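Here is how the chains run, residue by residue.
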Amino acid sequence: MRIDIITIFPEICDFYFQQSLLKKAQQAGLLKLKAHNLRDFTNDKHRAVDDKPFGGGRGMVMKIEPIARAVKEIEKEFYPLRGKSKASSKKSRIVLFSPRGKEFNQKMATKWAKSDQLILICGRYEGVDERVARNLADEIVSIGDYVLMGGELPALIVAETVARLLPGVVGHSEDLIGERITKSKGFLEYPQFTRPEIFCVDKKGKACPPDSSSKQRCWRVPKVLLSGNHKEIDAWRQKNSKVIE
Ligand code: SAM
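Please read these numbers as outputs of a predicted model, since none were measured by experiment.

Here's the deal with a positive patch on the surface
There is a patch of like positive charges on the surface, built from Lys203, Lys204, Lys206 and Lys215. Along the polypeptide, Lys204 turns up in the loop between β8 (198-201) and β9 (207-208). Of the residues examined, Lys204 reaches a relative accessible area of 76% and is grouped as exposed.

A look at the side chain of Arg124
Position of Arg124 relative to the elements: it lies in the loop between β6 (117-121) and α5 (130-136). Aside from chain neighbours lying at most four places away, what touches Arg124 is Ile8, Phe9, Ile12, Met62, Met149, Gly150 and Glu152.

Things to note about the environment of Val71
Position of Val71 relative to the elements: it lies in helix α3 (residues 64-78). With 48 residues separating them in the primary sequence, Val71 and Ile119 have C-alpha atoms 7.3 Å apart. The contact partners of Val71, leaving out residues within four places of it in the chain, are Ile6, Ile94, Ile119 and Ile121.

Here's the deal with the pattern of salt bridges
What the rule picks out here adds up to ten salt bridges. Linking Asp4 and Arg2 is a salt bridge whose minimum nitrogen-to-oxygen distance equals 2.8 Å. A residue is classified by how much of its surface remains accessible, and Asp4, at 0% relative accessible area, is buried. In this structure, Lys34 engages Glu77 in a salt bridge whose closest nitrogen and oxygen atoms are separated by 3.3 Å. Of the two residues, Lys34 is situated in strand β2 (residues 32-37) and Glu77 in helix α3; the sequence distance between them amounts to 43 residues. In this structure, a network of salt bridges that share partners links the residues Arg2, Asp4, Lys34 and Glu77.

Cut-offs applied
- Residues numbered from 1 in each chain as written.
- Predicted model: local features only at pLDDT ≥ 70, side-chain atom pairs only at ≥ 80, totals over all residues.
- Heavy atoms only, no water.
- Patch = residues over 30% accessible without salt bridge, like charges linked within 9 Å, V, L, I, M, F, W, Y side chains within 5 Å.
- Areas by Shrake-Rupley, 256 points an atom, 1.4 Å probe, with all protein chains shown as cover.
- Salt bridge = Lys/Arg side-chain N within 4 Å of Asp/Glu carboxyl O.
- Lys, Arg positive; Asp, Glu negative; His and termini not counted.
- Charge placed at Lys NZ, Arg CZ, Asp CG, Glu CD.
- Helix = DSSP H or I, 4+ residues; strand = E, 2+ residues; numbered from the N terminus.
- Buried < 20%, exposed > 50% of the residue type's maximum accessible area, 1.4 Å probe, protein only.
- Contact = heavy atoms within 4.5 Å.

Have a look at this one:
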């Protein structure tokens, strides 16, 4: 799979893509991640990507021309023979980020992970010329009910959520985990604990070794997880896979 991001700040995405498991996944050839500078698709000497809104109002709006050009060229780069053979007629999924969009969730990520290519368009300023949403994008997506300064964080969130569902990207099979927890609450995972079994703080809130002092507060790992009884552990995990309120 390939994920392309169209942005005026490609460095934000490039840096993130060069860390941790995303970097390893690319090195292993499991996916390709690329951020494209929208200004490279302008054709005026100022490399302008925005303009004043028709009808007046505050701020600037991102222009459709460079975005349309970027989408076309990025698709062409991936599907050079598009239309010439059956195999190359597959379509890329084009996603525009907007606080007015449909809220992104794990179900969408699972569906999108089956695509060959995602093209993610990041807005900035007062948003994007609405003709991009109406005519170029397949999906208009929000990552939550709040307004950010740009679509780069949403794009990274979508890229990472989709990437971790691709076979081999994380160290275990998402399918297996999904199978086990689908029975309870969809994709939700259960609470996890690691060493130490008992963690204590003194009355100033500083970590301290457990002793019998009543001035300490200690937090223990649930006993069942230390029991070695996998049937009981599974039952506990199923029961505790729920939304934290
Ligand atoms: N008034 C504009 C609107 O309602 O679309 C706000 C634009 S916002 C300052 C600039 C860009 O950030 C948006 O075009 C979008 O790409 C991105 N953005 C902001 N909040 C977002 C959210 N919750 N989900 C997805 N994208 C968001």
